[in-house]
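# Architecture and fold: a report
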Amino acid sequence: MTKTAAVLGGGVIGGGWAARFLLNGWDVRVFDPDPEAERKISDVLANARRSLPGLGNVALPPEGALTFHATIEAAVQGVDWVQESVPERLDLKQKVYGELQAHVPPGAVIGSSTSGYKPSQLQDGFTNAAQIVVAHPFNPVYLMPLVEVVTTDVNTPEVIAKAKEIISAIGMYSLHLKKEIDAHVADRLLEAVWREALWLVKDGIATTEELDNAIRYGFGIRWAQMGLFETYRIAGGEAGMKHFLAQFGPCLSWPWTKLMDVPEYNDALVDLIAGQSDAQSGQHSIRELERIRDDNLVGMMRALGANDWGAGALQNAHDAARMSEAGLARSLDEVADISQPILTQSRVVPLDWTDYNGHMTESRYLDAFAQSTDRLMEIIGCDAEYIASGGSYFTAETHIRHIDEVHAGDPIQVKTRVIMGAGKKMHLWHEMYEGERLLATAEHMLLHVDLKTRRSAPPAAQIEANLTRIAEAHAALPAPEGLGRAIGAPR
């Protein structure tokens, strides 16, 4: 049975909530007096449809129905959840809750996206106060999983349980705060960093870019996968959190920050934090936590590299600077000996390329060989600039043979031969090695394509000339063992 959510306020946050519910199969009813609301939500939805379905490994349910309504009364008819995302003005929010008191179904949860107001302020004076909770998300709501669920004693256990259940059902995480405080928890942490950053800029210590780089190249990545306290637990080494606190706790009294209203550093505070840290992470040794951390950091930075952003862009630049040292050519002039197979890849197998059997999964063989094809294309001049001009090669056929195992951390090289390069066709043969050990081969047939018509077309004369030059040089080599072999044929 389809569930229905009402979204009151169609800005960035409200639009994100609408997308999160809608793409998880809920019908969504929107109220926003802004005449541009439908267009704005449509823009947010376009981004959500592009990104959210690829976040998981299981298909999302069929998308729900999106409707827009002229009144709050019409928007909340028969809904299971109401998400209030109107501007951060208490008088405006209370006006909305007054209308909800008159029209919202008694079984619906009313969540507020407020980043600053306490739930008691929202509940004050309303007969249906038990339905009202803070459900504070983070932008973009359709991707970021955290929701701070802040409740009071007025909320019944049933309402709290239902709120958490619904938030979980749309793929988000409920951080249930049972004691209210202005700005909740996450924004208070952000505010502390923000205030200090403002002082650092004002005092001329650092620029905005330098501060952003301090976060995205440093602690921001660590925090993203372990948070604050678990990160510091590792920093304490084998002696754990108490050792870390002994080293750095006294800094609380030093003038390192403009925010000097800090708790008294004493044994009670140390024991409290160390005890909670033991409960959180004590089941893992420090070495295990370090390995978990390292695996997560590598995975995140590799993902950033795919978008050439942040720490990933930094690594991409480092890789590019090391290509010559590794023997990798970027153009035909840099190829040391054109008469021999061309080195198109030299790397180690990343952690995330292995599967449950402990060796490189088959999809990653194709990934590695595809990267080698891309390198060969760059060498002949079919680079980013050429592709932007409207020409490229599309793979028409692939045959991979898996010959031997390869594991995470193993050094591998791929050497590439051009079997044919005349006209529209590019016939490649890749061999993957660890030292002298042959791991796999791949045979690729590609066709040059006009990217405007999406049909095969002759390449530029210089591209064909370079490809033909390599093919003629490689023709003198013995035919590769396995070339043209059908699947299942004896080795």
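The rules behind these values
Residues numbered from 1 in each chain as written. Predicted model: local features only at pLDDT ≥ 70, side-chain atom pairs only at ≥ 80, totals over all residues. Heavy atoms only, no water. Helix = DSSP H or I, 4+ residues; strand = E, 2+ residues; numbered from the N terminus. Expected span 1.5 Å × (residues − 1). Buried < 20%, exposed > 50% of the residue type's maximum accessible area, 1.4 Å probe, protein only. Phe/Tyr/Trp six-rings, centres within 6.5 Å; stacked < 30°, edge-to-face > 60°. Bend = angle between axes of the 7 residues up to and from the residue. Contact = heavy atoms within 4.5 Å. Domains from an automatic or database assignment. Pairing = 2+ DSSP bridges.

### Observations regarding helix α14 (residues 362-379)
Two residues of an α-helix separated by three or four positions point the same way, owing to the 3.6 residues in each turn. With 18 residues, α14 should reach 26 Å at 1.5 Å per residue; the first-to-last C-alpha distance of 26 Å fits that figure. By the burial criterion, the buried members of α14 are Y365, A368, F369, S372, T373, R375, L376, M377 and I379. Phi for G381, located one or two positions after α14, is positive at around 105°.

### A short note on unusual backbone geometry
With an omega dihedral of 0°, the bond running from N139 to P140 counts as a cis peptide bond. By secondary structure assignment, the location of P140 is in the loop between β6 (132-137) and β7 (146-150). Residues other than glycine seldom take positive phi values, yet A183 does so here, at roughly 70°. Secondary-structure assignment places A183 in the loop between β8 (173-177) and α7 (186-202). Phi is positive for R454, which is not a glycine, with a value near 60°. As for its placement among the helices and strands, R454 is situated in the loop between β13 (437-450) and β14 (455-456).

### Looking at the packing of aromatic side chains
Per the stated rule, a full pass over the model turns up six aromatic pairs. Taking 5.8 Å as the distance between ring centres and 25° as the angle between the ring planes, the aromatic pair formed by W17 and F21 counts as stacked. You can see W17 and its partner F21 sitting in helix α1 (residues 12-23), four residues apart, about one turn around the helix. F21 sits in the buried class, given a relative accessible area of 0%. The interplanar angle of 50° and the centroid separation of 4.7 Å between the aromatic rings of F219 and W223 together place this pair among those described as tilted.

### Side note on helix α8 (residues 208-226)
Its 19 residues give α8 an end-to-end C-alpha distance of 25 Å, which sits within 8% of 27 Å, the value for a rise of 1.5 Å per residue. The largest bend in α8 amounts to roughly 55° and is located at F219. Those residues of α8 that fall on the buried side of the exposure criterion are L211, N213, I221, Q225 and M226. In this structure, the buried residues of α8 make contact with α7, α9 (229-235), α12 (286-306) and α13 (310-321). Following α8 by one or two positions, G227 adopts a phi angle in the positive range, close to 75°.

### Here's the deal with the environment of K162
Secondary-structure assignment places K162 in helix α6 (residues 157-169). Accessibility expressed as a relative area gives 26% for K162, which makes it partly exposed. Those residues in contact with K162 that sit more than four places away from it in its chain are D80, G107, A108 and V109.

### A short note on the domain arrangement of the chain
Under the domain assignment, the chain is made up of domain 1 (4-176), domain 2 (186-283) and domain 3 (323-474). Centre-to-centre, using C-alpha coordinates, domain 1 lies 49 Å away from domain 3.

### Quick word on the pairing of β6
In terms of burial, β6 is a largely internal element, six of the six residues being buried. Along β6, one buried face is formed by I132, V134 and H136 and the opposite face, lined by V133, A135 and P137, is buried too. By the bridge criterion, four bridges tie β6 to β7 in an arrangement that is antiparallel. From the neighbouring strand, V134 faces β7, where its bridge partner is V150.

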